[in-house]
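# Examining the three-dimensional arrangement
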Amino acid sequence: MHIVQPGMEIDVLKENNKVAHENYRLMKSHGIKSIDFMGSIGAGKTALIIKLAEKLRAKGVRVCAIAGDVTGADDYTRFEKSGLEAVNCNTGHECHLDANLIRKTLSTMDLDKYDVILIENVGNLVCPADFPLGTDYRVVVVSTTEGDDMVRKHHDIFIHSDVAILNKVDIADAVDVDPDVIARDYNKLTGGIKNIYKCSVKKEQGLDEILAALKL
Ligand code: MG
Ligand code: ZN
């Protein structure tokens, strides 16, 4: 028999939002600006964070990354190798970060050492949307290699994020994807008021526009 408990999920989400607000206030009390990067595995979140952090560090901004993954330290290691200070945050089983896990992670950090915290969520285009972490901005990153139907298939994450980024536009032709189709879908979904930011992390194109969109 299959028992559905509709009340439970709502409680979980409510509790998450409460802790997210606490995280937000905690980071603000230390003068920290924070960003949550969501998106599928392979969208280029890690590489994007590394490049944005390089630009910020060049301006004297003190940056730390939180590497969210189910298990392992691959992204954490990439951050550290690039010279970006990082904290590894494994969920164990969950396919998304939640506010409680971020609270725990923040409690291990000296928050007076940073101006900006960049959080890489677990590679997943579905449930991270439901779990705000308490950041200033929520960003969704997709790549041309994922096809041109990302926006049409995943409304929630595009609606729940403040900024959307389309990465790997330099190889759009090779993977037979028209970036303008994705841009049009996004513009339509968001009521014609927002545009997706097209970039190529590899070619270092479009990154300054992203920093400006995030007010960094
Ligand atoms: Mg990654
Ligand atoms: Zn999940």
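Structure report, in brief.

### Description of the sheet that holds strand β4 (residues 116–120)
Here we have seven strands laid out as an open sheet, ordered β3-β2-β4-β1-β5-β6-β7, and parallel in their pairing. The open sheet is flanked by β3 (85–90) and β7 (197–198), the only strands paired with a single partner. Across five bridges, the pairing between strand β2 (residues 63–69) and β4 is parallel. Residue I66 lies in a different strand from β4, and its bridge partner there is I119. Across the sheet, helix α3 (residues 74–81) is in contact with β2, β3 and β4; its angle to β3 comes to roughly 180 degrees.

### Regarding helix α4 (residues 99–107)
Looking at α4, one finds that the buried residues are A99, L101, I102, T105 and L106. Angularly, the buried residues of α4 cover 155 degrees about the axis, an arc narrow enough to put them on a single face. More than 90 degrees from the buried face of α4, the exposed residues found are K104 and S107. The opening residue of α4, the one whose side-chain oxygen lies 3.1 Å from the backbone nitrogen of N100, is D98.

### Topic: the coordination of the zinc ion (ligand 2)
Within the protein, C95 (SG), H96 (ND1) and C127 (SG) serve as the donor atoms for the zinc ion (ligand 2), at 2.0 to 2.2 Å. In primary-sequence terms, the residues that donate to the zinc ion (ligand 2) follow C-H-x30-C. Placement of H96 in the loop between β3 and α4 and of C127 in the loop between β4 and β5 (137–143) is noted, with a sequence separation of 31 residues between them. In terms of burial, H96 and C127 fall into one category: buried.

Rules used in this analysis
Residues numbered from 1 in each chain as written. Chains lettered and ligands numbered in written order. Predicted model: local features only at pLDDT ≥ 70, side-chain atom pairs only at ≥ 80, totals over all residues. Heavy atoms only, no water. Pairing = 2+ DSSP bridges. Helix = DSSP H or I, 4+ residues; strand = E, 2+ residues; numbered from the N terminus. Contact = heavy atoms within 4.5 Å. Axes fitted to C-alpha atoms, helices over the stretch in contact; angles between N-to-C directions. Buried < 20%, exposed > 50% of the residue type's maximum accessible area, 1.4 Å probe, protein only. Arc of directions from axis to C-beta. Polar contact = N/O pair within 3.5 Å; in protein donor to acceptor, adjacent residues only side chain to side chain. Donors = N, O, S within 2.8 Å, 3.2 Å for Na, K, Ca; no water.

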